[in-house]
Structures are given as structure tokens and as C-alpha cells.
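Here is what each chain is made of, one letter per residue.
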Amino acid sequence: MTDSIRVIVPHMRPGTTPSVFIFLPSLDGGGAERSMLSLAQVLSREGYNTSLVLAERRGTYIQQLDGNVEIIDLQSPRVLYSLPRLVQLLCQRKPHILISALDHANIIAIIAAKFTCTKIK
């Protein structure tokens, strides 16, 4: 048995590598941030196009990222202010999957996904 991860996205063409966005306020020290960082690195190692989307690029865990995970900085001092930039980014890049953690980031991610011009799981 292998330890590989398989992601099935119904609206994706066969043979396409899923793109995964993980949205967080920042990488300030905390359990959710550390878990999402680990998830991003595992997905990246498994061959998924993985991007860590941060409302603001800061935090103690930034140094722990490997070079295979893209960091996207929305340059927003508050998560709420990142909503327009997140919607724009989702429309431009059209990721297959959007993952978020922490209550306020989850709410913004849900709203942003509703306003995008593509299907996101």
C-alpha cells in the first residue's frame, strides 16, 4: 500500500493535475497554520500544483516552506480586506480546490468562492 494522496475533482478533465489553493491569514505560529503548511508541502511533493495564499505574508512558519509551494501574498492587513483580491485571484488562476482554515478565513473563502467565475471545490 502506498502513502500517496489522490484527489478526484468531478469538474476536472482527466489527466489534469489539480491546482490547490490553501488560504490563510498569515503563517503566524499556531496549530492551524502548521497543519496547513504541512498539507501544502505534502500535496506539492505528491505532484499537485499547490499555492499558499496569505492575506499577509508574515509569520514564523514562512522559513519552513520548501521551494515547491508557491506563496501568494494578497498584501492585506486584515483578512476581510483580502476578499476583493482573493476573488480576483480565483477568477484569474481558476484553482480546482480551495482550502482554508480559521473561522474568519473560512468565511472569506466561502464568500470569494461564490463570487468567482469558475467552479471550485
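Structure's up top.
How each quantity is defined
- Residues numbered from 1 in each chain as written.
- Predicted model: local features only at pLDDT ≥ 70, side-chain atom pairs only at ≥ 80, totals over all residues.
- Heavy atoms only, no water.
- Axes fitted to C-alpha atoms, helices over the stretch in contact; angles between N-to-C directions.
- Helix = DSSP H or I, 4+ residues; strand = E, 2+ residues; numbered from the N terminus.
- Parallel < 35°, antiparallel > 145°, perpendicular 65-115°, else oblique.
- Left-handed = near helix turned anticlockwise from the far one by under 90°.
- Contact = heavy atoms within 4.5 Å.
- Nonpolar A, V, L, I, M, F, W, Y, C, P; charged D, E, K, R; others polar.
- Salt bridge = Lys/Arg side-chain N within 4 Å of Asp/Glu carboxyl O.
- Buried < 20%, exposed > 50% of the residue type's maximum accessible area, 1.4 Å probe, protein only.
- Expected span 1.5 Å × (residues − 1).
- Arc of directions from axis to C-beta.
- Pairing = 2+ DSSP bridges.

Caption draft 1: Here's a closer look at the packing of helix α2 (residues 83-93) against helix α3 (residues 103-114). The contact between α2 and α3 brings their axes to 9 Å, and the two run at 50°. When the interaxial angle is binned, α2 and α3 end up oblique. For the element pair α2 and α3, the recorded crossing hand is right-handed. Facing L83, L86, V87 and L90 of α2, the residues of α3 in contact are I108, A109, I111, A112 and A113. The class makeup of the residues in the contact of α2 with α3 is nine nonpolar, no polar and no charged.

Caption draft 2: Up close: the pattern of salt bridges. Counted under the stated rule, the structure contains three salt bridges. Residue D28 is joined to R58 by a salt bridge in which the shortest nitrogen-to-oxygen separation is 2.1 Å. Within this pair, whereas D28 is found in the loop between β1 (19-24) and α1 (31-45), its partner R58 is found in the loop between β2 (49-54) and β3 (70-73), the two being separated by 30 residues in sequence. Residue D28 is classed as partly exposed on the basis of its relative accessible area, which comes to 29%. Its salt-bridge partner being E70, residue R93 comes within 2.7 Å of it at the nearest N-O pair. Here R93, found in helix α2, pairs with E70, found in strand β3; they are 23 residues apart in sequence, far enough to count as distant. Accessibility expressed as a relative area gives 33% for E70, which makes it partly exposed.

Caption draft 3: Structural context of α3. When the terminal C-alpha atoms of α3 are compared, their 17 Å separation across twelve residues agrees well with the 16 Å that a helix rising 1.5 Å per residue should span. Within α3 the residues assigned to the buried category are A105, I108, A109 and A112. All buried residues of α3 project into a common sector of 105° when viewed along the axis, lining one side. The exposed residues of α3 that point more than 90 degrees off its buried face are D103, I107, I110 and K114. Each element contacted by the buried residues of α3 is listed here: β1, α2 and β4 (97-100).

Caption draft 4: Local environment of the pairing of β1. Of all six residues making up β1, six are buried, and the element is well covered by its neighbours. Covered by surrounding structure in β1 are S19, F21 and F23 together with V20, I22 and L24, the residues of both alternating faces. Alignment of β1 against β2, held across six bridges, turns out to be parallel. Pairing of F23 across the sheet is with V53, part of β2. In this sheet, β4 lies alongside β1 in parallel orientation, the contact comprising four bridges. What sits directly across from I22, in β4, is I99.

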